Amino acid sequence: MYANARSAPTRSAISVPHLHEMKSKGDKIVALTAYDASFAAQCDAAGVDVVLVGDSLGMVVQGHASTLPVSVDDMVYHTAAVAHGLGSALLVADLPFMSFRDAATALHSSGRLMAEGGAAMVKLEGADWVLDVIQALARHDIPVCAHLGLTPQSVHKLGGYRVQGKTKVAAEQLLADAKAVVQAGADLLVLECVPAALAKRIGAEISIPTIGIGAGVDCDGQVLVIYDMLGITPGKRPRFSKDFLAGRGSVVEAIRAYVDAVRSGAFPAAEHAF
Ligand code: KIV
């Protein structure tokens, strides 16, 4: 029942320094998206370290063709719902399209996600002009997860949801951007749809943990959209995902299988990478 969603935590709370420690020890970080209290509680019970309220909710919950229509109000609503279901996992919330267009707007949006939503970290896509925004957030002690590679909020500029960093020039730019977001003060970096060899190189050259989605097994952790890994997202499953519910009896078992597979390095396999 929803009323029982926030049960007593069975493990100590995951903090930002804890994630840094996991990288230095070589312990894999397991992340998964959630958009409501019930799924959040299942993630927590299964041992997920980081729960991300992604703006992917615009596609998988709201049914839009992209993440662009998602508002800060939507994100605050879903982040607060997820917070009610979590015990120990670190709660990260996406800054949606245009909600971090300058430092002042980003501070306002992040303040809402943290104070009203209960997030412990905010995630934002891009580098370049975004570096100033990351710096402003970090200066205000707001933990930041950067997001590079395929950045879905740039879908129209990118011309589709495509693997990034495939040419030598693009790969060098991605590496430079990764180093720049660290320099600006990011605590975590999501790498989406980049060649596995490039993600491995980036992870080896930066001090903060990398969380991959379609970025190969050598990232410091993995993230998936929960409906993709339960096999319920309509349409074709993305190559980088896997249906962990197939052959299992419950959602929590499926999430536990994902947690085990990430921790052991069994997921992602070569067939899920580029
Ligand atoms: O919005 C989202 O769910 C994300 C993950 C795919 C990393 O950004």
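Anyway, here's the lowdown on the structure attached to this text. (Residues numbered from 1 in each chain as written. Predicted model: local features only at pLDDT ≥ 70, side-chain atom pairs only at ≥ 80, totals over all residues. Heavy atoms only, no water.)

1. Considering the overall build of the protein
Quick note on the threshold: Under the scheme used here, helices are H or I runs from DSSP no shorter than 4 residues and strands are E runs no shorter than 2 residues, and both carry numbers assigned from the N terminus. Both definitions apply: the radius of gyration is a C-alpha atom measure, and the globule rule equals 2.2 Å times residues to the power 0.38. Type-normalised accessible area, obtained with a 1.4 Å probe on protein chains alone, sets the label of each residue: buried when under 20%, exposed when over 50%, and partly exposed for intermediate values. Contacts: residue pairs with any heavy atoms within 4.5 Å of one another.
Along its length, the protein carries 11 helices and eight strands. Taking 19 Å as the expected radius of gyration for a compact globule of 274 residues, we find that the protein reaches 17 Å, a close match to that expectation. Each of the three principal axes of the protein carries a C-alpha extent, and together these read 50 × 40 × 40 Å. The burial tally for the protein puts 55% of its 274 residues in the buried class. Within the protein, contacts between residues at least 6 apart in sequence are counted, and of these 64% link residues at least 24 apart.

2. Notes on the site of the ligand
Stated formally: Throughout this document, a residue counts as near a molecule or strand when at least one of its heavy atoms sits within 4 Å of that molecule or strand. Two N or O atoms count as a polar contact when they lie within 3.5 Å, although within protein this holds only if one can serve as hydrogen donor and the other as acceptor, and sequence-adjacent residues are included solely when both atoms are side-chain atoms. Computed by Shrake-Rupley with a 1.4 Å probe, the accessible areas treat only the displayed protein chains as cover when residues are assessed.
Inspection of the region around the ligand gives Thr33, Leu52, Gly54, Asp55, Ser56, Asp94, Lys123, His147, Val190, Ile213, Val223 and Val225 as its neighbouring residues. Separating an oxygen atom of the ligand from a side-chain N or O atom of Asp94 is a distance of 3.1 Å. A distance of 2.8 Å separates an oxygen atom of the ligand from a polar side-chain atom of Lys123. Look at the ligand: alone it shows 260 Å² of surface, and the protein chains cover 95% of it.

3. Some details on the nonpolar core
Stated precisely, the cut-off is as follows: The definition of a nonpolar core used throughout is a set of buried Ala, Val, Leu, Ile, Met, Phe, Trp, Tyr and Cys residues joined through side-chain atoms within 4.5 Å.
With 92 residues, the main nonpolar core has Leu189 and Ile226 as its most contacted residues. Setting aside residues no more than four positions away along its own chain, Ile226 makes contact with Leu32, Thr33, Tyr35, Phe39, Cys43 and Ile255.

4. Thoughts on the environment of Trp129
Position of Trp129 relative to the elements: it lies in the loop between β4 (121-125) and α6 (130-139). The class for Trp129 is partly exposed, based on a relative accessible area of 44%. Taking the C-alpha atoms as reference, Trp129 lies 22 Å from Gly54; in sequence the two are 75 residues apart.

5. What to know about the sheet that holds strand β6 (residues 188-192)
Sheet strands pair via backbone hydrogen bonds, and the direction of the pair is either parallel or antiparallel. What counts here: Only strands that DSSP links by at least two bridges are regarded as paired with each other. Axes here refer to lines fitted to C-alpha atoms; in helices the fit is confined to the stretch in contact. Angles between the N-to-C directions go from 0 to 180 degrees.
Overall, parallel pairing links the eight strands, which are arranged β1-β2-β3-β4-β5-β6-β7-β8 in a closed barrel. Neighbour-to-neighbour, the strand axes of this sheet turn through a mean angle of 25 degrees, independent of strand direction. Note that strand β3 (residues 90-94) and β4 share three bridges and pair parallel. Its bridge partner being in β4, Asp94 is matched across the sheet by Lys123. Strands in contact with α6 are β4 and β5 (144-149); relative to β4, the strand with the most contacts, it is inclined by about 170 degrees.

6. A look at the state of the cysteines
As a reminder, the rule being used: Pairs of cysteine sulfur atoms within 2.5 Å are identified as disulfides in what follows.
Applying the stated rule across the entire model yields zero disulfides. For Cys43, which is in no disulfide, the shortest distance to another cysteine sulfur is to Cys145 and amounts to 16 Å. Residue Cys193 stays outside any disulfide, its sulfur separated by 11 Å from that of Cys219, the closest cysteine. On the basis of relative accessible area, Cys193 is assigned to the buried category, the value being 5%.

7. Some words on the packing of helix α8 (residues 168-184) against helix α9 (residues 196-205)
Spelled out, the test is: Relative orientations are named as follows: roughly parallel for angles under 35 degrees, roughly antiparallel for angles over 145 degrees, roughly perpendicular for angles from 65 to 115 degrees, and oblique for any other angle. Here a crossing is taken to be left-handed if its near helix is turned anticlockwise relative to the far helix by less than a right angle, and right-handed if that turn runs clockwise.
Look at α8 against α9: their axes get within 10 Å of each other, and the N-to-C directions meet at 30 degrees. One element, α8, and the other, α9, form an angle in the roughly parallel class. The two elements α8 and α9 cross, and the hand of that crossing is right-handed. Facing Ala171, Glu172, Leu174, Leu175, Ala178 and Lys179 of α8, the residues of α9 in contact are Leu198, Arg201, Ile202 and Glu205.

8. Overview of the side chain of Glu192
Quick reminder of the rule: For the purpose of charge, His is not counted, nor are the chain termini; Lys and Arg are scored as positive and Asp and Glu as negative. Only one rule defines a salt bridge in this text: a Lys or Arg side-chain nitrogen within 4 Å of an Asp or Glu carboxyl oxygen.
Along the polypeptide, Glu192 turns up in strand β6. One buried charged side chain, Glu192, makes no salt bridge at all; its nearest oppositely charged neighbour is Lys123, positioned 6.1 Å away. Not counting residues up to four positions away in its chain, the partners in contact with Glu192 are His147, Leu148, Gly149, Leu150, Pro152 and Ile213.

9. Some details on unusual backbone geometry
A cis amide bond links Phe267 with the next residue in sequence, Pro268, at an omega value of 0 degrees. Position of Pro268 relative to the elements: it lies in the segment after α11 (251-264). The backbone of Met98 sits at a positive phi, close to 75 degrees, despite the residue not being glycine. Relative to the helices and strands, Met98 is located in the loop between β3 and α5 (103-115). Look at Met98 and you get partly exposed, because its relative accessible area is 44%. One non-glycine residue, Asp128, lies in positive phi territory at about 50 degrees. The topology assignment puts Asp128 in the loop between β4 and α6.

10. Examining the packing of helix α2 (residues 37-46) against α11
As a reminder of what qualifies: By the convention adopted, Pro, Cys, Tyr, Trp, Phe, Met, Ile, Leu, Val and Ala count as nonpolar, Lys, Arg, Asp and Glu as charged, and the other residues, Gly among them, as polar.
For the pair α2 and α11, interaxial distance at closest approach is 9 Å and the crossing angle is 50 degrees. In this view, α2 runs oblique relative to α11, as classed from their interaxial angle. Between α2 and α11 lies a crossing of right-handed hand. On α11, the residues touching Phe39, Gln42, Cys43, Ala45 and Ala46 of α2 are Val251, Val252, Ile255, Arg256 and Val259. Residue composition of the contact of α2 with α11, by class: eight nonpolar, one polar and one charged.

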